[in-house]
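# Examination of the molecular architecture
In case you want the letters, here they are:
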There are 2 protein chains.
Amino acid sequence: MTIVDRLAAARGDVAADLVLRNGQLVNVISGEIYLTDIVIHDRHVVALGKGYSGVREVDLAGKYVTPGLIDAHVHIESSLVTPPEFARAVLPHGVTTVVTDPHEIANVLGLEGLRYMLERAKHGLLNMYVMASSCVPATDMETSGARLEADDLAPLVDHPWVLGLAELMNYPGVALGDEGMLDKIALFKQRVLDGHAPDMTGNMLNAYVAAGVQSEHECTSVAEAREKLRLGMTIFIREGTTTRNLKPLLPLITAENHSAICFCTDDRIPADLIDHGSIDYMLRSAIAAGIDPMLAIRMGSYNTARHFGLKKHGALAPGKYADLLVLPDLQDFRPEQVYRGGVLVAQEGEMVGERRESRRIDLRSTVNIQSGELDFSIRAKGEEIRVIGTVPDQVVTEHLVQQAKIVDGFAVSDIERDILKFAMVERHRASGNIGLGFIKGFGLRRGAIAGSVAHDHHNLAVIGVDDESMKTAVRAIAEMGGGLALVDGAAVLARLPLPVAGLLSELPIEAVRAQYDSMIEAARELGNRMSDPFMVMSFMGLEVIPKLKLTDLGLVDVEKFQLLELFV
Amino acid sequence: MTIVDRLAAARGDVAADLVLRNGQLVNVISGEIYLTDIVIHDRHVVALGKGYSGVREVDLAGKYVTPGLIDAHVHIESSLVTPPEFARAVLPHGVTTVVTDPHEIANVLGLEGLRYMLERAKHGLLNMYVMASSCVPATDMETSGARLEADDLAPLVDHPWVLGLAELMNYPGVALGDEGMLDKIALFKQRVLDGHAPDMTGNMLNAYVAAGVQSEHECTSVAEAREKLRLGMTIFIREGTTTRNLKPLLPLITAENHSAICFCTDDRIPADLIDHGSIDYMLRSAIAAGIDPMLAIRMGSYNTARHFGLKKHGALAPGKYADLLVLPDLQDFRPEQVYRGGVLVAQEGEMVGERRESRRIDLRSTVNIQSGELDFSIRAKGEEIRVIGTVPDQVVTEHLVQQAKIVDGFAVSDIERDILKFAMVERHRASGNIGLGFIKGFGLRRGAIAGSVAHDHHNLAVIGVDDESMKTAVRAIAEMGGGLALVDGAAVLARLPLPVAGLLSELPIEAVRAQYDSMIEAARELGNRMSDPFMVMSFMGLEVIPKLKLTDLGLVDVEKFQLLELFV
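Computed from a predicted structure; not experimentally measured.

### As for the relation of the copies chain A and chain B
The transform that puts chain A on chain B rotates by 180 degrees and translates by 0.0 Å along the axis, for an RMSD of 0.1 Å. The operation mapping one copy onto its partner corresponds to a two-fold rotation axis. Most of the interface of chain A is mirrored in chain B, where 100% of its interface residues are also at the interface.

### Re the side chain of A:Asn127
All names here are of chain A. Considering the arrangement of structural elements, one finds Asn 127 in strand 8 (residues 127–132). Overall, Asn 127 belongs to the buried group, its relative accessible area being 5%. The contacts of Asn 127, once residues within four sequence positions are left out, are Thr 96, Thr 97, Val 98, His 313, Asp 323 and Arg 340.

### A short note on the packing of aromatic side chains
By the definition in use, this model includes six aromatic pairs over all chains. Geometrically, the ring pair formed by B:Phe236 and B:Phe308 is tilted, given 5.8 Å between the ring centres and 40 degrees between the ring planes. Note that B:Phe236 is positioned in strand 12 (residues 234–238) and B:Phe308 in helix 14 (residues 302–308), a separation of 72 residues in sequence. Taking NZ or CZ as reference, A:Arg230 lies 3.8 Å from the ring centre of B:Tyr34, over its face.

### Topic: unusual backbone geometry
Residues and elements named next belong to chain B. Following Val 136, the chain continues into Pro 137 via a peptide bond in cis, with omega recorded as -5 degrees. Examined against the element boundaries, Pro 137 turns out to sit in the loop between strand 8 (127–132) and helix 5 (150–153). Residues other than glycine seldom take positive phi values, yet Asp 42 does so here, at roughly 50 degrees. Its place among the elements puts Asp 42 in the loop between strand 2 (32–41) and strand 3 (44–48). Residue Asp 42 is classed as buried on the basis of its relative accessible area of 7%. Positioned with a positive phi, His 123 is a non-glycine residue whose angle comes to about 60 degrees.

### Focus on the sheet that holds strand 8 of chain A
Residues and elements named next belong to chain A. The five strands lie next to each other as 6-7-8-9-10, forming an open sheet whose pairing is parallel. Every interior strand has two partners, whereas the edge strands, strand 6 (69–74) and strand 10 (192–195), have only one. Direction aside, neighbouring strands of the sheet carry axes that sit 30 degrees apart on average. Pairing analysis gives four bridges linking strand 7 (residues 95–100) to strand 8, with the strands arranged parallel. Bridge pairing in strand 8 links Val 98 to Met 128.

### A closer look at the confidence of the model for chain A
Chain-level pLDDT for chain A is 96 on average; 100% of the residues reach the 70-or-more range. If you check the scores for this complex, the pTM reads 0.95 and the ipTM reads 0.93.

### Brief notes about the sheet that holds strand 29 (residues 554–557) of chain B
Residue and element names in this part refer to chain B. Strand order in the open sheet made by the three strands is 28-29-30, with antiparallel pairing throughout. Looking at strand neighbours, the two that pair on one side only are strand 28 (548–551) and strand 30 (562–564), the edges of this open sheet. Adjacent strand axes in the sheet meet at a mean angle of 45 degrees, parallel and antiparallel pairs treated alike. Two elements, strand 28 and strand 29, share four bridges in a ladder whose sense is antiparallel. What sits directly across from Thr 551, in strand 29, is Gly 554.

### Focus: the interface of chain A and chain B
Opposite the 48 residues of chain A that make contact, chain B presents 48 residues. Interface of chain A and chain B: buried area, both sides summed, is about 3800 Å²; carbon and sulfur atoms make up 54% of it. Counting the surface chain A buries against chain B, the share from its top three residues, A:Arg11, A:Arg230 and A:Arg306, is 17%. In this assembly, chain A and chain B are joined by two salt bridges. Across the salt bridge formed by B:Glu32 and A:Arg230, the nearest N and O atoms sit 2.8 Å from each other. In this assembly, chain A and chain B are joined by 22 residue pairs in polar contact (both at pLDDT 80 or more). Looking at the side of chain A that touches chain B, the elements with two or more residues in it are helix 1 (3–11), strand 2 (32–41), strand 3 (44–48), helix 6 (171–175), helix 8 (202–210) and helix 9 (222–230) of chain A. In terms of residues, the side of chain A that touches chain B owes the most to one element, helix 8 of chain A, which gives six residues. Classifying every residue of the side of chain A that touches chain B gives 25 nonpolar, 13 polar and 10 charged.

### Some points on a negative patch on the surface
On the surface, A:Asp151, A:Asp178, A:Glu179 and A:Asp183 cluster together to form a negatively charged patch. With respect to the helices, strands and loops of the structure, A:Asp151 is situated in helix 5 (residues 150–153).

### Digging into helix 12 (residues 279–288) of chain A
All names here are of chain A. Among the 10 residues that make up helix 12, seven are buried, leaving the element largely enclosed by the rest of the structure. Buried residues of helix 12: Ile 279, Asp 280, Met 282, Leu 283, Arg 284, Ala 286 and Ile 287, and no others. Along its buried surface, helix 12 packs onto strand 6, strand 7, strand 12 (234–238), helix 10 (246–249), strand 13 (261–264) and helix 13 (293–299). Downstream of helix 12 by one or two residues, Gly 290 has phi in the positive range, about 105 degrees.

### Points about the state of the cysteines
All names here are of chain B. Tallying each qualifying case throughout the model produces zero disulfides over all chains. Unpaired in this structure, Cys 264 has its nearest cysteine sulfur neighbour in Cys 262, at a distance of 8.7 Å. Residue Cys 264 is classed as buried on the basis of its relative accessible area of 0%.

### Comments concerning the pairing of strand 24 (residues 448–451) of chain B
In summary, the side chains of a regular strand alternate between the two faces of the sheet. Residues and elements named next belong to chain B. Side chains of strand 24 alternate between two faces, with Ala 448 and Ala 450 and Ile 449 and Gly 451 buried alike. The sheet contact formed by strand 24 and strand 25 (residues 460–464) spans four bridges and is antiparallel. By the bridge assignment for strand 25, Ile 449 is matched with Ile 463. Direction of pairing for strand 24 relative to strand 26 (residues 483–488): antiparallel, over a ladder of four bridges. Across the sheet, residue Ala 450 finds its bridge partner in strand 26, namely Ala 485.

### A word on the environment of B:Glu384
All names here are of chain B. With respect to the helices, strands and loops of the structure, Glu 384 is situated in strand 18 (residues 384–390). Between the alpha carbons of Glu 384 and Asp 332 there is a distance of 56 Å; along the sequence they are 52 residues apart. Non-local contacts of Glu 384, meaning those with residues more than four positions away in its chain, are made with Val 401, Gln 402, Gln 403, Ala 404, Leu 566, Phe 567 and Val 568.

Conventions used here
Residues numbered from 1 in each chain as written. Chains lettered and ligands numbered in written order. Predicted model: local features only at pLDDT ≥ 70, side-chain atom pairs only at ≥ 80, totals over all residues. Heavy atoms only, no water. Least-squares fit on C-alpha atoms with pLDDT ≥ 70 in both. Contact = heavy atoms within 4.5 Å. Helix = DSSP H or I, 4+ residues; strand = E, 2+ residues; numbered from the N terminus. Buried < 20%, exposed > 50% of the residue type's maximum accessible area, 1.4 Å probe, protein only. Phe/Tyr/Trp six-rings, centres within 6.5 Å; stacked < 30°, edge-to-face > 60°. Lys NZ or Arg CZ within 6 Å of the ring centre and 35° of its normal. Pairing = 2+ DSSP bridges. Axes fitted to C-alpha atoms, helices over the stretch in contact; angles between N-to-C directions. pLDDT = per-residue confidence, 0-100. Buried area = accessible area lost by both parts, 1.4 Å probe. Salt bridge = Lys/Arg side-chain N within 4 Å of Asp/Glu carboxyl O. Polar contact = N/O pair within 3.5 Å; in protein donor to acceptor, adjacent residues only side chain to side chain. Nonpolar A, V, L, I, M, F, W, Y, C, P; charged D, E, K, R; others polar. Patch = residues over 30% accessible without salt bridge, like charges linked within 9 Å, V, L, I, M, F, W, Y side chains within 5 Å. Areas by Shrake-Rupley, 256 points an atom, 1.4 Å probe, with all protein chains shown as cover. Lys, Arg positive; Asp, Glu negative; His and termini not counted. Charge placed at Lys NZ, Arg CZ, Asp CG, Glu CD. Disulfide = S-S within 2.5 Å.

Right, here's the structure in full:
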């Protein structure tokens, strides 16, 4: 069918595919809620109003109808599953469109990873738009699987599913006029430019915005968000699994400024998506806290579509896609039915229809470590060592200096003081690089945990009590082609294969969630008391978040932005 | 200077070109008004806030600062002057950006006309964005100077100053799926599509919007506007010289829906622009009628920029163009100073600086009529004739049937009954076509009036008491290469040359206004009592507005959409 057919249905000359009768339309454009019929044909809303007939007709009996929700910024990789499985998790929650920055997989596989995400989302049930990853790798103090410069991104500028340039995390670089950053900004100047500038303020913030950056999702306080909003940044309020900014930012929202505010999740783990939801969770929370449902719905749909120039999304009107939610209640925002392109895809929180077979995509293996013996031994070069100090529920760390436990001339893990050996094994290029250090707070009494998820370079991180356990863990992950492992000596106690780039499982999200839960349970048996040691470990290599981190090149003093010796 | 310099100024590393201190910034993004400094460098706002120093610094002493105003839809040709002169008229009123549909000149000169407008605006003081004219010619019942199909418009799709497709006036064609219309819509589907669908409603309106049309400036009632806004059309409230829709539409505007509303002027004559202004006039009127100044300013700037995707216009924030107004008072919205690109261009209602010399543009002559004797005689073929009946202050007409005055076997003008001969002389292709008819209401007791402005085909219209006067008038216009003329027998009483396409003068707008006023005065001496007989005449050939009109092919019954014989 084409536009000719849609116009015929809009005129009423032919019966439409579907007429939803007697819905209370939440018209986010006019700011009104009123009873009308919604006429759908060929994936689109073609008309609003009475007097149409449909091949199918559904009486909504006065239930509310809203646009499908839009996540303004999400890293799908954080769900540990492929885009179709992520879609199965969020569609029942009413999220019909996401704007994703695939920078995790891009750090491993470069453009090949980005293409994987696009291909896996294509012809799927969720509208997945992509922002081209702007900071791959994050810094030069790591070895990543790929490097994306402006020329690499050029083919994406006019890609139909690419909306712009993803979060410009090198915010000092942008404000200072770094050539590589400005090249990328110039390349995407007609498109959307997303920001990421935690705590940036004053002159430097002015410069960052003057460079053309249009949004910010890192605000944690009203004062920070207000300064940024006044300077013209669209504020994406974020409610991720660990980064929970919604409640502190609710006082920012007013009727006068809300059109410059959107909602996003950034990073959510499977259990969170399944149990609590996504943007719908934010709407429920905001409305429960007293935000007018019309404003909340706009921030979860219309505003985001406008920000990204998505003409056919975010509102229900002739010519827009028929992505819509049916709800009995706006106060407790739980979609009873979810339509995508005029097709019912979820009902009562469950997907309708079978899980589709995924098309074959050939992807190279990404765990590429040297075949020789791994050596995690640390010859003592002094008595005091720098130790990464974990902070509960935070991705920032402390920069500690501690007495080393030295045995036979080698620095080793000290269970009593909970100072464990931490290694970052380069896994992209078989360079043999192994960054070695120590970390406090994981509490293992025996064994090791390891994973190929380690933001943003995603080298192979392993924390252990003894070298044998650490080697077993690394070998287990290499065997799986990536994933998470938990071992004790020579025995692998639990594993979660993540064969896609070492980041994603191809299993259903429910299965991944179950495996992940049992991994955390197993870690408790080894002594760990964190709610999620694998996620904590995955951030211990992220050298753009303070204070002390470990990459395959060694310890990084984030505040001084330089590599450091282990021994003081 | 480049972005590197702007970032340096934003950081405060170098002195900015200009710092406006202590302005009450009307922040249309956040919906707040507060005291701040505005830092300008290299045409852009680079920072908001304290602590900057400038090469020049101006203390605004608490005066208000707003974005420059934007006219969402204007035919510059209606000002009878070239874009630089139009700019001189509107800039002192605070209009720094216009979105224009050059369909008058496009009907005469096709793409050459459109290029003329772009060239004349280039490097000028006013930001002139163009919408590609979608309906040239308006119908097939006329001879225009050009025909623009989708293929002709294709080179404009990615033109940096072209924003989309101009008002889709063939609204039944769009709703019915006319191939030519759908071709053009498909061509511009990534850009903005402006509408024009007076009184369209219900199913046909749904189809029109479903085709992708995004705006409407023809609304005359709140009910009409509300229906269209709810369907997703951005409503351009229009206040033209003759089409005054602002007052009737003010009750439409609410805080909840105003972001889908913009202001436009469509058509304004020189006297109106000079004496009353443009979008500023609309703001004053709206605010005087009780609209919140913040909403009014948004409708006159920010909303329009967002609608058209003009990222650097419509708000004052880092990275935006420094197009801004300084005002002592928001209630009586009269810009004291107008900055464009950080440069003061107007002050106290007057342009600052000299009128610039225009660059040479070679344009072909457009009055191209057959060299032989003109024949306006009408041999009587019956006793009753169809007569165009003018309606005071309207562009619609009555379809009258009257007894013809017949002398020597020819139908002639009848002064006593005010039924005058009306001819439309094809002037583009020297085809020799002359449409002949009669018109009631012009009141001439002697002589003739003529003009090469006749919407939308712009053939040569002439209304006269006797054939000699009519011939003199047509020859006078041919001699000028287009324009307006007022004659009596063999004597030309007054003339206004419009050598550019027969539509525009190259003189200063003040001179054109004075000449135009004296033409109207002269018409009064011949017996006409209309406030503007030339404008009325210019709409008597527009065969898309009911009921009876005259083109070079003859009388048109607009309601039946067909050509008619003069004699009943």
